[in-house]
Amino acid sequence: MIFGMFRIIYYASNSLKKDKEKILKNLNDYRKIKKSIEKLSVMFPNISNIKKLQPKSKHKFRLRVWDYRIIFWVDYWNKIIIIYRIWLRKDIYE
């Protein structure tokens with residue numbers, strides 16, 4: 001396991017941009033998500049609410065933040081976490 005600080009990068013996609021715009025409407029949720037992402041960069045992989053997605057993908061995870069899910073990919077070699085989606089649990093898996 002790799003410990004230490006990971007750098008956070010947001011994947012440049014229209015879907016993530018729309019996700020961020022919707023989340024910004026509710027500042028309380030935005031603060032919770034931002035705090036969780038900061039915690040993720042420092043404490044990965046030692047966070048209890050992280051789960052691997054699909055057994056065939058070794059580097060794809062999801063982080064649970066209240067009713068939200070953050071889908072991200074980890075580059076262990078370069079210590080980078082790339083965030084793909086941030087959205088409500090009921091909508092993200094469609």
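All chains use their own residue numbering, which begins from 1 and follows the written sequence. Only residues with pLDDT of 70 or above have their local features reported here, since the model is predicted, and side-chain atom pairs are shown and tallied only from 80 upward, although totals for entire chains, interfaces and linings are computed over all residues. Side-chain metrics in this entry use all non-hydrogen atoms of the structure; hydrogen atoms and water are not considered.

Quick look at the packing of aromatic side chains now. Centre distance within 6.5 Å is the pairing criterion for rings of Phe, Tyr and Trp, where only the six-membered ring of Trp is used; planes under 30 degrees apart are then read as stacked, over 60 as edge-to-face, and the remainder as tilted. For the structure shown, the criterion picks out six aromatic pairs. With a centroid separation of 6.0 Å and 85 degrees between ring planes, the pair formed by F44 and F72 is classed as edge-to-face. On the criterion of sequence distance, the pair formed by F44 in the loop between α2 (27-43) and β2 (50-52) and F72 in strand β4 (residues 68-75) is long-range, its members being 28 residues apart. The exposure class of F44 is buried, given its relative accessible area of 2%. Its relative accessible area of 0% is what places F72 among the buried residues. Among the aromatic residues, those joined into a cluster by ring pairs are F6, F44, F61, F72 and Y76. Helix and strand assignments come from DSSP, with helices taken as H or I runs of at least 4 residues and strands as E runs of at least 2, each series counted from the N terminus. For every residue, the accessible area (1.4 Å probe, protein chains only) is compared with the maximum for its type, and the residue is labelled buried under 20%, exposed over 50%, or partly exposed between those bounds.

Of the consecutive residues F44 and P45, the connecting peptide bond is found in the cis state with omega at 5 degrees. Within the element layout of this structure, P45 appears in the loop between α2 and β2. Despite not being glycine, K79 shows a phi value in the positive range, around 55 degrees. Position of K79 among the secondary structure elements: in the loop between β4 and β5 (80-88). With a relative accessible area of 26%, K79 lands in the partly exposed category.

With that settled, consider the sheet that holds strand β1 (residues 7-10). For two strands to count as paired, DSSP must find a minimum of two bridges between them. Overall, mixed pairing links the five strands, which are arranged β1-β5-β4-β3-β2 in an open sheet. Edge strands, defined here as strands with exactly one partner in the open sheet, are β1 and β2. Direction aside, neighbouring strands of the sheet carry axes that sit 30 degrees apart on average. One ladder, built from three bridges, connects β2 with strand β3 (residues 60-65); its direction is antiparallel. When the bridges of β3 are listed, K51 appears paired with R62. Helix α1 (residues 14-24) contacts β1, β4 and β5 of the sheet and is inclined by roughly 60 degrees relative to β5. Lines fitted to C-alpha atoms define the axes, with helix axes restricted to the stretch in contact, and inter-axis angles between N-to-C directions lie between 0 and 180 degrees. Only heavy atoms matter for contacts: two residues are in contact if any of them lie within 4.5 Å across the pair.

Note on terminology: a nonpolar core comprises buried Ala, Val, Leu, Ile, Met, Phe, Trp, Tyr and Cys residues joined through side-chain atoms within 4.5 Å. Core analysis: the biggest nonpolar cluster contains 20 residues, and F44, I70 and F72 have the highest contact counts within it. When residues of this core are traced back to their parent elements, those giving at least two are α1, α2, β3, β4 and β5.

Here the focus is the pairing of β5. Two strands pair when backbone bridges link them, and β1 and β5 are joined in this way by four bridges, in the parallel orientation. The residue bridging R7 from the neighbouring strand is I80, located in β5. In this sheet, β5 lies alongside β4 in antiparallel orientation, the contact comprising eight bridges. Following the sheet pairing, Y68 is matched in β5 by L88. Joining the antiparallel neighbours β4 and β5 is a turn of four residues, in which K79 adopts a positive phi near 55 degrees.

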